[in-house]
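Secondary and tertiary structure notes
Each chain, written out:
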Amino acid sequence: MPDQIKELFTARVLVIGTGAAGYNAAVHCSHFGLKPVIITNRRTYGTSRNTGSDKQTYYKTGLSAEGDSVRAMTQTLFSGGAVDGDLALCEAAHSLQEFFHLVSIGVRFPHNRWGEYPGYKTDHDPCGRASSTGPFTSKAMTECLEQEAGRLKIPVYEGIKPVKILSEKNTVYGLIVLKNHKLKIIYADYIIFATGGPAQIYDYTVYPRSQASASGVLAQAGLSFVNMGEWQYGIGSTVFRWNLSGSYQQIIPRYVSLDENGKEYEFLEEWFSPAEIGKAIFRKGYEWPFHPEKLCTGGSSLIDLAVYQERYLRGRRVFLDFTRNPSGIKSPLIKNIGTEAAAYLEKSGVNAPTPVQRLKQLNPQSYFLYLDHKIDLAKEYLAVDILPQHHNGGVKVDCWWQTEIKNLFCVGEAAGTHGVTRPGGAALNAGQTGGYRAALYIAGCGKTKKTGRCEISDIRMFNNSRRSYSGRHGSQKKEMQNMLTNLKKLASRHLVFIRSREGAQIVLDECRVCLRALSSYCPETDNYHTYFELSEVTALLRLFASSVLHYIRAGGKSRGSYLINAKKTGLNACKKTASDRRFHGKIQEVKICRQKIKTFFRPVRPVPKRNDWFEKVWHEYTGGEIFRQNRRAS
Ligand SMILES: Cc1cc2nc3c(=O)[nH]c(=O)nc-3n(C[C@H](O)[C@H](O)[C@H](O)COP(=O)(O)OP(=O)(O)OC[C@H]3O[C@@H](n4cnc5c(N)ncnc54)[C@H](O)[C@@H]3O)c2cc1C
């Protein structure tokens, strides 16, 4: 007999996720008097709370003596390519407000004696807009926002996973969720997804193990995704997952690989002359993500290719050794690493003879961080790989971070607001500005009609009345787990920074197999989790692989975070790869429409013209016209 799915509770505003973006959205909703409720799988899970780098970056409009402006920052964000101009403007315009909101609740961004906040230069940043609290900026943000949420008495319910969006007449009215292996309904007038980046599609990443995502639920609801193929990949440690950017490279460690017999290779010597090695490793610090433009002679992204060759073409393990200098660099090291690196180390008072000693001088926290995870960089090699770190694309949103379903919002890394490249730190800024704007819109748009209700049985939920599965139910779970593992492995092999038509097709074919299997399964309560994860990952990989195929078929070449067809041409030929900028004025959209995948390019929305005549803006703001303009535009 089909079971009726019971109601868990009703909320006016439901926020999903307890990362920096989710808490911030809820806090702003509460400031606007909206009484939000937060649900999450586990309060302490997710990327914001569990990740970082040597100096985790927050990007905002510059506050230094050189001066900056909202429009200048907009231009930087927009020039990342395949970025909607209105979103770039919103992220720039609210960046200082959100930065100071964080400062006001206790996030300790450093300022000088007189209160000036200095900036530093990060990747894809022309003018030093970055700030940081150290290795754990996003953790500090999350903890301060959590305290604020506690002070505002915002309820947080754990152990809940969304599995299906409920909407009527293209307006959201609730969610089906999984709680304690049971399906339940939560009714809500407004829902804000802040469930982070889709780490779950990969077998290995530098995302924390606790990050899953719920983007697959949004994909299955038929929402459009933008820039699905645009990511960031870079060097990270694998046992303890952490970004090896900034200080970890700037103190110039030694790259080594070991073959199956334990023979050691200083493989960068095949790629760089002794005079270039130190410069390239140093630059990797602030040019951390892989980028084809950084491949040309002596470029820092050649290091990613070199690591890839060792790991995947030669089957060796790759490590960073902090105990010795690269042997190709003559002594004294400081005189043989180029003027830029030498000046940086000298200015920072770093002059010790070994990399680990230099790391302790430059950024002691980044040494102790590994020690806290039982890895002593002074004694042992650090296993590394090229890993996915951030999804630049995501769910399509308008300038209030509202999705194509009315009253359903998506903020943080789950939302697709970045393009081919983004400045380091722009992800954390986008998460804050998006949450603020969603809250402002919900508060500004007044009351909605009463939420819809409908009776849903578990059988209708699975869309699966045929119950055609012929195997034993006990073996279903095992089969699904195997399929999931296989899919993730294929994604980690074919949908990373080296891509090809054939690779994308392999993933797509496997997705078809999974889809067929899913339609024959009739899950029982003990395997709901696996069933939903498999259907979410399948949906996301269909979108991702189809986007890659569509881009290559349209003639797209290497750009942003990936190389196309590098295996065919050979890695050496990639040294002169130019980044393909022909599609920078277009955004690739993809969605599931009646079980089929639809993919197309559309022009980017331009940066809105200036509208800063005070009297005009004043009337539009107080009369609520700023929200209505949005409805007309969409
Ligand atoms: C190693 C590393 C270094 C980085 N460095 C930087 C940097 O220097 N600067 C920068 O700007 N960005 C950086 N990023 C990216 C940035 O940290 C993330 O984009 C950001 O923290 C995401 O925040 P979020 O709130 O959107 O998602 P998250 O912090 O991931 O939060 C997601 C929340 O949703 C919950 N959740 C997820 N799935 C489900 C589900 N199915 N059901 C219920 N709940 C769910 C999670 O438990 C969590 O509470 C880095 C990322 C990594 C991995």
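See the structure printed just above.
We now turn to the structure provided with this report. (Residues numbered from 1 in each chain as written. Predicted model: local features only at pLDDT ≥ 70, side-chain atom pairs only at ≥ 80, totals over all residues. Heavy atoms only, no water.)

Considerations on the overall build of the chain
On a plain count of helices and strands, the chain comes out with 21 helices and 21 strands. Its C-alpha atoms give the chain a radius of gyration of 24 Å, within 12% of the compact-globule value 26 Å for 634 residues. Its C-alpha atoms give the chain principal-axis dimensions of about 75 × 70 × 45 Å. The buried share of the chain, reckoned over its 634 residues, is 59%. Long-range contacts, defined as pairs at least 24 residues apart, comprise 74% of the intrachain contacts of the chain with a sequence gap of at least 6. Split by element, the accessible area of the chain, about 26,200 Å² in all, is 52% carbon and sulfur. (Helix = DSSP H or I, 4+ residues; strand = E, 2+ residues; numbered from the N terminus. Rg over C-alpha atoms; globule rule 2.2 N^0.38 Å. Buried < 20%, exposed > 50% of the residue type's maximum accessible area, 1.4 Å probe, protein only. Contact = heavy atoms within 4.5 Å. Areas by Shrake-Rupley, 256 points an atom, 1.4 Å probe, with all protein chains shown as cover.)

Thoughts on the sheet that holds strand β15 (residues 382-391)
Strand pairing within a sheet occurs via backbone hydrogen bonds; the two strands may be parallel or antiparallel. Spatially, six strands are ordered β11-β10-β15-β14-β12-β13 in an open sheet, and the strand pairing comes out antiparallel. Each edge of the sheet is formed by a strand with only one pairing partner; in this case those strands are β11 (242-243) and β13 (264-265). Two elements, strand β12 (residues 254-258) and strand β14 (residues 317-321), share five bridges in a ladder whose sense is antiparallel. Residue pairing for β14: R254 is matched across the bridge by D321. Along the sheet, helix α10 (residues 302-313) makes contact with β10 (231-237), β12, β14 and β15, crossing β15 at roughly 115°. (Pairing = 2+ DSSP bridges. Axes fitted to C-alpha atoms, helices over the stretch in contact; angles between N-to-C directions.)

Here's the deal with the packing of helix α5 (residues 95-104) against helix α14 (residues 426-444)
Two numbers describe a pair of packed helices, the interaxial angle and the distance between the axes. One way to put it is that α5 packs onto α14 with a least axis distance of 9 Å and a crossing angle of 95°. The orientation of α5 relative to α14 falls into the category roughly perpendicular. For the pair α5 and α14, contact is made by S95, Q97, E98 and L102 and by N429, Q432, T433 and Y436, respectively. Split into classes, the residues belonging to the contact of α5 with α14 amount to two nonpolar, five polar and one charged. (Parallel < 35°, antiparallel > 145°, perpendicular 65-115°, else oblique. Nonpolar A, V, L, I, M, F, W, Y, C, P; charged D, E, K, R; others polar.)

Considering the packing of aromatic side chains
For the structure on display, the rule yields 35 aromatic pairs. Measuring from centroid to centroid gives 4.6 Å for F99 and F109, while their planes differ by 40°, and the two rings are tilted. Of this pair, F99 sits in helix α5 while F109 is found in the loop between α5 and β4 (130-132), placing the two residues ten residues apart along the sequence. The same class applies to F99 as to F109, namely buried. By way of ring pairs, the aromatic residues F136, F240, W242, Y248, F322 and Y370 are connected into one cluster. The ring of Y367 has K360 lying over it, and the distance from NZ or CZ to the ring centre is 4.5 Å. Note that R437 overlies the ring of W400, its terminal NZ or CZ placed 3.9 Å from the centroid. (Phe/Tyr/Trp six-rings, centres within 6.5 Å; stacked < 30°, edge-to-face > 60°. Lys NZ or Arg CZ within 6 Å of the ring centre and 35° of its normal.)

Points about the site of the ligand
Lining the immediate environment of the ligand, one finds 37 residues, of which N41, T47, S48, T57 and E413 sit closest. A21 has a polar backbone atom sitting 3.0 Å from an oxygen atom of the ligand. Between the ligand and the protein, one listed contact pairs an oxygen atom with a side-chain N or O atom of N41 at 2.6 Å. Protein chains shield 97% of the accessible area of the ligand, which is 1,000 Å² for the free molecule. Listing elements by their share of the shell around the ligand, those giving two or more residues are α1 (20-31), α2 (47-50), β6 (160-168), β15 and α14. (Near = heavy atom within 4 Å. Polar contact = N/O pair within 3.5 Å; in protein donor to acceptor, adjacent residues only side chain to side chain.)

Notes on the side chain of D259
With respect to the helices and strands, D259 occurs in the loop between β12 and β13. Within polar-contact distance, the side chain of D259 engages the side chain of Y265 at 2.7 Å. Residue contacts for D259: discarding those within four places in its chain leaves Y265 and R316.

Details of the pairing of strand β20 (residues 586-593)
Bridge analysis of strand β9 (residues 225-226) against β20 gives two bridges, and the strand direction is antiparallel. Bridge pairing in β20 places F225 opposite V590. Where β20 and strand β21 (residues 596-603) come together, eight bridges link them in antiparallel fashion. Counterpart to V590 in the pairing with β21 is T599.

Let's talk about the sheet that holds β9
Pairing in this open sheet of four strands is antiparallel, and the strands run β16-β9-β20-β21 from one edge to the other. Two strands bound the open sheet, and with one partner strand each, they are β16 (394-395) and β21. Against the sheet, helix α18 (residues 528-553) contacts β9, β20 and β21, and its axis sits at roughly 50° relative to β21.

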